[in-house]
Amino acid sequence: MPTWGQYRAVSIWIWTLGVRFQRLSGPPGPASMLSGWNLLLLSWAKMSNVSYHISNLLEKMTSTDKDFRFMATNDLMLELQKDSIKLDEDSERKVVSMLLKLLEDKNGEVQNLAVKCLAPLVVKVKEPQVEMMVDMLCSNMMSDKEQLRDISSMGLKTVIGELPLSSPGVSITAGVCKKITSQLIGAMGKQEDVSVQLEALDILSDMLRRLSGALVSFHSSLLSSLLPQLTSPRMAVRKRSILALGHLVPCSSPALFSQLTEHLMAELSKGPSTSMSRTYVQCLATISRQGGHRVGEHLEKLIPMVVKFTSVEDDELREYCFQAFEAFIRRCPKEMSPHITTVTQLCLKFMTFDPNYNYDDDEEEDSMDLEDRLDEESDDEYSDDDDMSWKVRRSSIKCLEALIHTRRDMLLSFYSSISPALLARFKEREENVRADVFAAFSTLLRQTRVGTSHHGLISAPSDHHGNQGEEPTVVMLKKQVPVIVKALHRQLKEKSVKSRLGCLCLLTELTHTVPGALEEHIPALIPGIIFSLTDKSSSSTIRIDALSFLHVLLLSHPPQAFQPHMQVLLPPVVACMEDSFYKITSEALLVTQQLVRVMRPLEPTTTTGGGFDPKPFVKQVFSPTLKRLKATDIDQEVKERAISCMGHMVCHLGDHLGAELQGVLTVFLDRMKNEITRLTAVQTVAMVTASPLKIDLSSILPEVLSVLGSFLRKNQRTLKLSSLACLSALLSHYGSCIKPAALEAVLTELPALVDETDMHVSQVSMTLLTCVAKASPSSLAKISSSVLPGVFRLIHSPLLQGGALVAILDFLQALVLSKSTNCRCRLQTALPFTDSPISLWLAVWLPCPLSVQRRPPAPCPASYRRYCMFDCALSVCLSVFLLTGLLCRPQVKSPASPESARVLALLCLGEVGRSGSLGASKEVQGVILEAFTSTSEEVKTAASCALGSMAVGGLNDYLPFLLKEISAQPRRQYLLLHSLKEVISACPSSSLSPHMESIWALLFQNCQCQEEGTRNLVAECLGKLTLVNPAQLLPRLQQQLKASDFLITLQDEDINVRRVALVMFNSAAHNKPVLIHGLLGRVLPHLYRETQIRKDLIREVEMGPFKHTVDDGLDVRKAAFECMYTLLDSCLDGLDVLQFLDHVEEGLKDHYDIRMLTFLMLARLASLCPAAVLQRLERLVEPLRATCTTKVKAGSVKQEFEKQEELRRSAMRAVAALLAVPEVERSPSMADFANQIRTNADMASIYQSVQGGEPGGGLGPAESMDLS
């Protein structure tokens, strides 16, 4: 306890500080002086109180009563875990001393608590106290007392686990590591005490695993100390030394890694004993796994050595050899290429290595049941404990799995060599090995799916037997499906749960990879599924997996395949629905939902098949589903799936439910009012509404509309969208039953939803308004004053495009067709053309029916908003054919007409002409030609669109005129060719055939035009015209090429020709990758060459007093990198990823546009090829670091700051993708960069924003690029 004198001295010191503080802050005053005094006094009192409390605890720790010591130590641990606690120097010293003393306590529980206290204490005390702890623990670790040695080792591991990695505590960590390392090296030299050696090696492994970067200066001495331990007579010492060496390698220098590898090779070349050979080969496998690609440069010497040891008759040695092969394959796939054949042959040889068992090759002659055979095996003379051959088989199979995983380019050959061998091993007697066989084959299936279009579960194709257009691997897999099913269907009824789980997972993967391929084999599979569902000894996991597989099977195969088996399938599924475990119930409801679809499929393609009667099964499935639907004390997942399942039942079998139907609908309504289940209930009601059975919803319809209207005010966006979709469905199918009064609650909420802040919500809202206009126009009239202004504000928005634009056009058309005069009048006043004679149209078109189906024109990007307004006006004006000549032509001709009115008139003229109602009018042709002379680019573009549209509607009248003008008017060729492109695109081939030769000749006359834009248009026209009659025109187009092979253009001297060739290649890779697979070997060298920066294409241009650098090769480099990006998606299996990464690395230092592309590629590669990325990680980190740390000069323009910020964000997305790669933390440079990001506030904020803006924490590919 502090004495009174100490209190007095501290009080005087605090008062002095308060006076000095007041002198600095301002004139002293009694109140402010007292405030400063109180603040400092409270702070001191708090620290004094903590010290007093700690002193009391320390005093109790010296008690002779073990319970007092235990409770005091526990209280101390709780105090140390508080973030707010701060210890003074004296308290730190006392606490550390007491805890170290308690490590020697006679009570084990007190000792354990003392060890736990060390963890929070490490970060609370200063460096001298931590070093004192470490010194004492290291000293105790070498004690003769076993208990003290063990507890001290635990304490050291605890301290190591809590040492800080970030910059504020790095100095403490480095100092502690030096002290521990020097003492551990001494402890390892104690050959006479194996226990000390083992503890020292354990602690060293932990320290190297977590803090290897802080021990770089000790790496050499650690290696020198660890290598002799590999020759220890004790196997445990050798194994722990291998583990420590494995943790040493990731952060070691290349020279140290080479030293270690060469030492191992030298020892292996001496022909050591079998026991020592095991140790060296196991060490080789470990450092290969941990050291990554660095082992690649030694493979030429290593592989023959390891291959030689596989011939030694020792099962453990062979196991380690295959583990080494697996590590080589995973870490150095490219360097292993020359040795793949050798390793594959060895794996195929030893995966069947089972000298103690004779397999029955002829399964057909085996009359024993599989279960009886298994019982007989258990009585065999040999013991599995003595048989180690299963380890050889398992390691060789894992090696094959690694090969399949890393070499997708060899997938086709794997189906010829590895796949049959794996199928033959499905009969493996050892359960663990059999599970690995299933896992390897599942990997083969996953790799096959990556290269096909089946990235997720899709419905079965109508004719899944056809092989046209399928990948060769899929074709070969389909041929093997009968063999797979034959090998698996009996194992689905085995007692072994692990084997059945493996079978179900493999079959699920097969169904995902080749949907519909199991249709013929469903009768063979169903008994096994039912066995897993009904076997009372089955665990929850096996039942869930069986239900999951059945669900996938039902989704991917036609209903007719399951209808004959409904009698046996339904009872076990219904029994699972009654299960007490919610996961089983949930999966069973999902399966039942699909079984309902099987009973009565409503799809057009399946309604005619089978004549299956669902009536006998309706009650059997309805009762348990209704029970789950009504239950309120169940898991939310079960509630939601019960609602969905019953919704499917009503949708498919509603006419069989009779009086029960209204009760179900009432429950749906109740679930809509429940906040937890309302979203699922809304989606279910929407599904029921769209049912072709026309379910009677009149009993709940008014209240449903009211509830849905209230949901439109909610902030939950998904609920809002689902409610809008449900309302649209109700109005479309039950519009005649809905009274206008019932819609008021909905309509009052709609005007607020039509806004550009959320275009998708606006689009769905417009769809609902269209349904209202069709079903209840009188209701719409009440809100027209609030809806129409919002609609036209949306029309003015630059964001309007795509589906939202189409929804507005549909709404305006429906509005014109409606009988609401009020809406028409408001529409007339709202349209933005009332200041011109175009407004005269409105007085005419309002009473006219809309009879023309038109499509939106292709507007000029610079004035897209105005074109949207024109298009919306067109949607209500195009029926006035007879007035076109009276109104449109004068509007175009009049020089006093506003530009917007002339453009609108021209577009209207074109759309009317598309209908064929203008005829061969000389006056119209003159109007168009006159518009071509306008000074306005928008007017000329509109005239071009109009002429193309009129030619589509009157090909014989306008096409000759168009071709004549193209030849006669060189200055207008660009606009006229746009018109011609529209004609070629829109006209059917039968109409174009008579004019094909004249168009072909004209295009080739203009293909050498000096204007690049005109040449590009000619190229587009030629391409589209060739598609009209490919058989006739494609050979002629090929003849026109100077080179016999188009790809030779990639070597053309003209850089523009090479750029266009790359654009063509990119298009082919994106749209028809199958065409270029065989050409990659020839194309890639030229493609990679174009990614290089060429100094001869860089020039300086003087702009007044400034010099500007121009890179003429930038466009062709961008085209090359765009091709590379496309190839990642379409032709990954044809790429040498490491070579590809070399050019990505160069792109990371290139121009802004190319860096943006390469960041995307790097993020994609981190997901697709993590092993290859890890090999190049050290070289990739620096360009990323440079981009993230670069700052723009202070005097730069705003655009430079924005570009740099976007670059940094894109680079950070790539970093996030890299950090998601497993084992990336083993890279010292990446770990250092990650630490730099954490400690730099600016970079940390960018990283957090990138993570927050991306699904899954922003660790996957963050962006994708549209190359369509």
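As the structure is a computational prediction, the values presented were derived from the model and not from experiment.

### Brief notes about the overall build of the protein
Here is step 1 of the chain: Looking only at helices and strands, the protein has 60 helices and two strands in total.
Here is step 2 of the chain: By the burial criterion, 52% of the 1268 residues in the protein qualify as buried.
Here is step 3 of the chain: Once local pairs closer than 6 in sequence are excluded, the contacts in the protein between residues at least 24 apart make up 73%.
Here is step 4 of the chain: Taken as a whole, the protein presents about 57,400 Å² of accessible surface, with 53% of it coming from carbon and sulfur.

### Focus on the side chain of Glu-199
Here is step 1 of the chain: With respect to the helices and strands, the residue Glu-199 is situated in helix H9 (residues 194–211).
Here is step 2 of the chain: Notably, Glu-199 is buried but unbridged: the nearest opposite-charge side chain belongs to Lys-157, and the N-O separation is 4.6 Å.
Here is step 3 of the chain: Excluding residues that lie within four positions of it along the chain, Glu-199 makes contacts with Met-141, Arg-149, Asp-150 and Ser-153.

### So, the environment of Ser-212
Here is step 1 of the chain: Position of Ser-212 among the secondary structure elements: in the loop between H9 and helix H10 (219–226).
Here is step 2 of the chain: With relative accessibility at 4%, the residue Ser-212 sits in the buried group.
Here is step 3 of the chain: It is 6.6 Å that separates the C-alpha atoms of Ser-212 and Leu-248, two residues lying 36 residues apart in sequence.
Here is step 4 of the chain: For Ser-212, the contacting residues outside a window of four places in its chain are Met-207, His-219, His-247, Leu-248 and Cys-251.

### Let's talk about the packing of aromatic side chains
Here is step 1 of the chain: Inspection of every chain in the model, using the stated rule, returns eight aromatic pairs.
Here is step 2 of the chain: When the centroid spacing of 5.1 Å and the interplanar angle of 55° are considered together, the rings of Trp-1000 and Phe-1004 count as tilted. Within this pair, Trp-1000 and its partner Phe-1004 are both found in helix H47 (residues 996–1005), separated by four residues, close to a single helical turn.
Here is step 3 of the chain: We classify Phe-1004 as partly exposed; its relative accessible area is 22%.
Here is step 4 of the chain: Members of the aromatic cluster, connected to one another through ring pairs, are Phe-322, Phe-325, Phe-350 and Phe-353.
Here is step 5 of the chain: The positively charged end of Lys-1203 is found above the aromatic ring belonging to Tyr-1152, 4.9 Å away from the centroid.

### Structural notes on the packing of helix H22 (residues 497–513) against helix H24 (residues 540–556)
Here is step 1 of the chain: Viewed as axis vectors pointing N to C, H22 and H24 meet at an angle of 20°, and their least axial separation amounts to 10 Å. Relative to H24, H22 is oriented roughly parallel. Note on packing geometry: the crossing formed by H22 with H24 is left-handed. Contacts between H22 and H24 pair Val-497, Arg-500, Leu-501, Leu-504, Cys-505, Leu-507, Thr-508, Thr-511 and His-512 from the former with Thr-541, Ile-542, Asp-545, Ala-546, Phe-549, Val-552, Leu-553 and Ser-556 from the latter.
Here is step 2 of the chain: Taken together, the residues of the contact of H22 with H24 break down into 10 nonpolar, five polar and two charged.

### Remarks on helix H15 (residues 315–331)
For an α-helix the count is 3.6 residues per turn, leaving residues at separations of three or four pointing the same way.
Here is step 1 of the chain: Here H15 contains 17 residues, and its C-alpha end-to-end distance of 24 Å stays within 8% of the 24 Å for a straight helix at 1.5 Å per residue.
Here is step 2 of the chain: Taken across its 17 residues, H15 has 13 buried, putting it largely inside the fold.
Here is step 3 of the chain: If you check the start of H15, you find a side-chain oxygen 3.3 Å away from the backbone N of Glu-316, and it comes from Asp-314.

### Notes on the pairing of strand S1 (residues 1098–1103)
Here is step 1 of the chain: Along S1, only zero of the six residues are buried, which leaves the element largely exposed.
Here is step 2 of the chain: Both S1 and strand S2 (residues 1106–1111) contribute to a ladder of six bridges, which runs antiparallel. Across the sheet, residue Glu-1100 finds its bridge partner in S2, namely Thr-1109.
Here is step 3 of the chain: Taking the residues between adjacent antiparallel strands as the criterion, S1 and S2 are bridged by two residues, where Gly-1104 takes a positive phi near 70°.

### With respect to the pattern of salt bridges
If charged atoms from side chains of opposite charge come close, those side chains can pair.
Here is step 1 of the chain: The final tally for this structure, using the stated rule, is 50 salt bridges.
Here is step 2 of the chain: The salt bridge involving Glu-313 is made with Arg-318; its shortest N-O contact spans 3.1 Å.
Here is step 3 of the chain: A residue is classified by how much of its surface remains accessible, and Arg-318, at 3% relative accessible area, is buried.
Here is step 4 of the chain: A cluster of three or more residues bridged by salt bridges with shared partners is formed by Asp-354, Arg-393, Arg-425, Glu-428 and Arg-429.

### With respect to helix H6 (residues 127–141)
Here is step 1 of the chain: When the terminal C-alpha atoms of H6 are compared, their 21 Å separation across 15 residues agrees well with the 21 Å that a helix rising 1.5 Å per residue should span.
Here is step 2 of the chain: Buried within H6 we find Gln-129, Val-130, Met-133, Val-134, Leu-137, Cys-138, Asn-140 and Met-141. Down the axis of H6, the smallest arc covering the buried residues is 165°, so these residues share one side.

### Focus on the packing of helix H31 (residues 701–711) against helix H32 (residues 717–734)
Here is step 1 of the chain: It is the contact of H31 with H32, at a shortest axis distance of 9 Å, that shows an interaxial angle of 150°. Helix-helix and strand crossings are classified by hand; for H31 and H32 the assignment is left-handed. Residue-level contacts link Leu-701, Val-704, Leu-705, Leu-708 and Phe-711 of H31 to Leu-719, Lys-720, Ser-723, Cys-726, Leu-727, Leu-730 and Tyr-734 of H32.
Here is step 2 of the chain: Tallied by class, residues from the contact of H31 with H32 come to 10 nonpolar, one polar and one charged.

### Observations regarding the nonpolar core
Here is step 1 of the chain: Counting residues in hydrophobic clusters, the biggest one holds 257 residues, and the most contacted among them are Phe-328, Phe-668 and Phe-811.
Here is step 2 of the chain: The greatest single-element share of this core, amounting to 10 residues, is contributed by H9.
Here is step 3 of the chain: Beyond its immediate stretch of four places on either side in the chain, Phe-811 contacts Met-766, Leu-769, Thr-770, Leu-780, Val-787, Leu-788 and Val-791.
Here is step 4 of the chain: Counting 69 residues, the second-largest nonpolar core is a separate cluster that includes Leu-1097, Leu-1148, Ile-1246 and Val-1250.

### Observations regarding the state of the cysteines
Here is step 1 of the chain: According to the stated counting rule, one finds zero disulfides in the structure shown.
Here is step 2 of the chain: Cys-347 takes part in no disulfide bond, and the closest cysteine sulfur to it belongs to Cys-399, at a distance of 3.6 Å.

### Some points on the side chain of Ser-1130
Here is step 1 of the chain: Of note, Ser-1130 is situated in helix H53 (residues 1114–1130).
Here is step 2 of the chain: At 3.1 Å, the side chain of Ser-1130 forms a polar contact with the backbone oxygen of Ala-1069.
Here is step 3 of the chain: In this view, Ser-1130 contacts Ala-1069, Pro-1073 and His-1077; residues no more than four positions away in its chain are not counted.

### Details of the environment of Ser-728
Here is step 1 of the chain: Along the chain, the position of Ser-728 falls in helix H32.
Here is step 2 of the chain: With a relative accessible area of 8%, Ser-728 lands in the buried category.
Here is step 3 of the chain: Between the C-alpha atom of Ser-728 and that of Met-766, which follows or precedes it by 38 residues, the distance is 9.8 Å.
Here is step 4 of the chain: Beyond its immediate chain neighbours, meaning those up to four positions away, Ser-728 contacts Val-764, Thr-767, Leu-768 and Cys-771.

### Concerning the confidence of the model for the protein
Here is step 1 of the chain: Averaged over every residue, the pLDDT of the protein is 80; the share at 70 or more is 82%.
Here is step 2 of the chain: Note on residues 1–47: pLDDT under 50 across the span, and 22 contacts to partners over four residues away in sequence or across chains.

What counts, and at which threshold
Residues numbered from 1 in each chain as written. Predicted model: local features only at pLDDT ≥ 70, side-chain atom pairs only at ≥ 80, totals over all residues. Heavy atoms only, no water. Helix = DSSP H or I, 4+ residues; strand = E, 2+ residues; numbered from the N terminus. Buried < 20%, exposed > 50% of the residue type's maximum accessible area, 1.4 Å probe, protein only. Contact = heavy atoms within 4.5 Å. Areas by Shrake-Rupley, 256 points an atom, 1.4 Å probe, with all protein chains shown as cover. Lys, Arg positive; Asp, Glu negative; His and termini not counted. Salt bridge = Lys/Arg side-chain N within 4 Å of Asp/Glu carboxyl O. Phe/Tyr/Trp six-rings, centres within 6.5 Å; stacked < 30°, edge-to-face > 60°. Lys NZ or Arg CZ within 6 Å of the ring centre and 35° of its normal. Axes fitted to C-alpha atoms, helices over the stretch in contact; angles between N-to-C directions. Parallel < 35°, antiparallel > 145°, perpendicular 65-115°, else oblique. Left-handed = near helix turned anticlockwise from the far one by under 90°. Nonpolar A, V, L, I, M, F, W, Y, C, P; charged D, E, K, R; others polar. Expected span 1.5 Å × (residues − 1). Polar contact = N/O pair within 3.5 Å; in protein donor to acceptor, adjacent residues only side chain to side chain. Pairing = 2+ DSSP bridges. Arc of directions from axis to C-beta. Core = buried A, V, L, I, M, F, W, Y, C linked by side-chain atoms within 4.5 Å. Disulfide = S-S within 2.5 Å. pLDDT = per-residue confidence, 0-100.

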